[in-house]
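Chain by chain, the residues:
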Amino acid sequence: MKINVNRKIYNNITNGYLWIFNDEIKKSDLKDGDIVSLYYNDKFLCKAYYNSKSKISYRVISFENRELDVNFWYEKLCKLYEYKSQFYGGNFRLVYSEGDFLPGLIIDLFTTLDSKKVVVCMLLTLGIENQKENIFRALKKMGIDCIIDRSDSNLRKLEGLELRRRIEYGKIELPFTVSIDDIYFLIDPLNGQKTGFYFDQTENRRFLKNISKGSVVLDVFSYIGSFSLYALKYGAKFVEMIDESSFASNIVPQIMKLNGFQDRYIFHMDNAFHKLRELSNLGREFSIVVVDPPSFTKTKDKIQNALKAYFDINYFGLKLVKNEGYFITSSCSQKIRENDLLNVIREALHKQKYFGKLIYRGGQSLDHPINVSMEETEYLKFFVFQINKQ
Ligand SMILES: C[S@@+](CC[C@H](N)C(=O)[O-])C[C@H]1O[C@@H](n2cnc3c(N)ncnc32)[C@H](O)[C@@H]1O
């Protein structure tokens, strides 16, 4: 099927913007999930997939005029593997959706201690769901030993798709062990959050090497304790973690033991908003406080509420930093921009008459590339401050 687009859409797409919204283009009698060829002035522009149920009617999937078959996916996935493994060896986000010009597809790759390659896939759209067999066949062709399908994101509901999580191919005992930056992690993609691990903070965790020696760390919204583990590896004396997840609370003791850190941590299974107040009432202080909350908003209309939540946790997080200690804060809400978060921190500092020196700003790691024409692909903000309490 061939569809002609107007100049505005042509410009957007040739600039790298991969979405066409339903109010930008005439309704068509295509079937949802169909792959179409977009043309401008009778010249081939790209291939896109269609879904009338989504506000995003078309997503560009290829700039080449070729069939989307196993070979297409095999070539794309091999290229990404080759490119990203040079940064991260055997554990990284292999496909980051629009950031890697493959809208609707997320694949994380893990390499177990016994060298098994395990991928965890999130198929987020109908267009990608229809490519499922090709994608899985391409992964098998690459020599992947186990494919886990973690397609249970609520985004699928907007596409009219059901949710599912299962082992699609191969055998694996869960949780499995991986080593990242010489730290052991236990990964359980069926029972853990998202794909089982947050690869987006890899570079930011490495920053802890600079400041951890001899420190006592508070890791708020810790999940399985990735920031804590880096801090401990780089010489922290002790870490306290806060997370409300019972999954994390059960697996953290095993991960700490695996790394020989069993005597250097406490895990508080609690609500962070409540626990931060409690620790502050007790007059507790830490050399490093890390705050890595979940996304507080996915939509524009909830930004104000989200900013209040960010203020709250950052205000109390800052209170718990000792004089000349470090405050590390992050936001993964795409709708909250870098300056919004900085303003929240400024306000929290000013209200308590603290000074803050911004010593480092980070973002998503190299396996989560930003398509510079799509601000939707840039979401992670990360700051490190040194705090002076005068
Ligand atoms: C972005 S993830 C943290 C990732 C983690 N820092 C890491 O590096 O792997 C956010 C975490 O916040 C936890 N969480 C969400 N709301 C919470 C709350 N109100 N209190 C405590 N933990 C919460 C979730 O269970 C999740 O583990």
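About the thresholds
- Residues numbered from 1 in each chain as written.
- Predicted model: local features only at pLDDT ≥ 70, side-chain atom pairs only at ≥ 80, totals over all residues.
- Helix = DSSP H or I, 4+ residues; strand = E, 2+ residues; numbered from the N terminus.
- Rg over C-alpha atoms; globule rule 2.2 N^0.38 Å.
- Core = buried A, V, L, I, M, F, W, Y, C linked by C-beta atoms within 7 Å.
- Buried ≥ 20, exposed ≤ 12 C-beta atoms within 10 Å, placed from the backbone.
- Contact = placed C-beta atoms within 7 Å.
- Pairing = 2+ DSSP bridges.
- Axes fitted to C-alpha atoms, helices over the stretch in contact; angles between N-to-C directions.
- Parallel < 35°, antiparallel > 145°, perpendicular 65-115°, else oblique.
- Left-handed = near helix turned anticlockwise from the far one by under 90°.
- Nonpolar A, V, L, I, M, F, W, Y, C, P; charged D, E, K, R; others polar.
- Near = placed C-beta within 6 Å.

Caption draft 1: Quick look at the overall build of the protein. Helix and strand content of the protein: 11 helices and 19 strands. Since a compact globule built from 390 residues should have a radius of gyration of about 21 Å, the 22 Å found for the protein is in line with a globular shape. Overall, the C-alpha framework of the protein stretches about 70 × 45 × 35 Å when taken along its three principal axes.

Caption draft 2: The arrangement of the nonpolar core in detail. With 108 residues, the main nonpolar core has Val119, Val220, Ala231, Ile288 and Val289 as its most contacted residues. Leave out the neighbours within four places in its chain, and Ile288 touches Ile211, Ser215, Val217, Ala231, Gly325, Tyr326 and Ile328.

Caption draft 3: Just the sheet that holds strand E4 (residues 43–50), in detail. Pairing in this open sheet of five strands is mixed, and the strands run E1-E3-E4-E5-E2 from one edge to the other. What marks the edges here is a single partner per strand, and that holds for strand E1 (2–4) and strand E2 (19–21). Going from strand to strand, the sheet's axes swing by 35 degrees on average, the running direction of each strand aside. Across six bridges, strand E3 (residues 35–40) lies against E4 in antiparallel orientation. Residue pairing for E4: Tyr39 is matched across the bridge by Phe44.

Caption draft 4: Spatial organisation of the packing of helix H2 (residues 70–88) against helix H4 (residues 132–141). Where H2 meets H4, the closest approach of the two axes is 8 Å, and the angle between their N-to-C directions is 55 degrees. Here H2 is positioned oblique relative to H4, judged by the angle of their axes. Between H2 and H4 the crossing geometry is right-handed. Contacts between H2 and H4 involve Val70, Trp73, Tyr74 and Leu77 on the former and, on the latter, Asn134, Ile135, Arg137, Ala138, Leu139 and Lys141. Split by residue class, the contact of H2 with H4 holds seven nonpolar, one polar and two charged.

Caption draft 5: Structural context of the site of the ligand. Around the ligand, the surrounding shell holds 21 residues, and the nearest of these are Phe221, Tyr223, Ser245, Ala272 and Asp292. Elements with a minimum of two residues in the shell around the ligand: helix H7 (226–233), strand E14 (238–243) and helix H9 (272–281). Classifying every residue of the shell around the ligand by side-chain character gives 12 nonpolar, six polar and three charged.

Bear in mind that shape data such as this cannot, by itself, settle questions of function.
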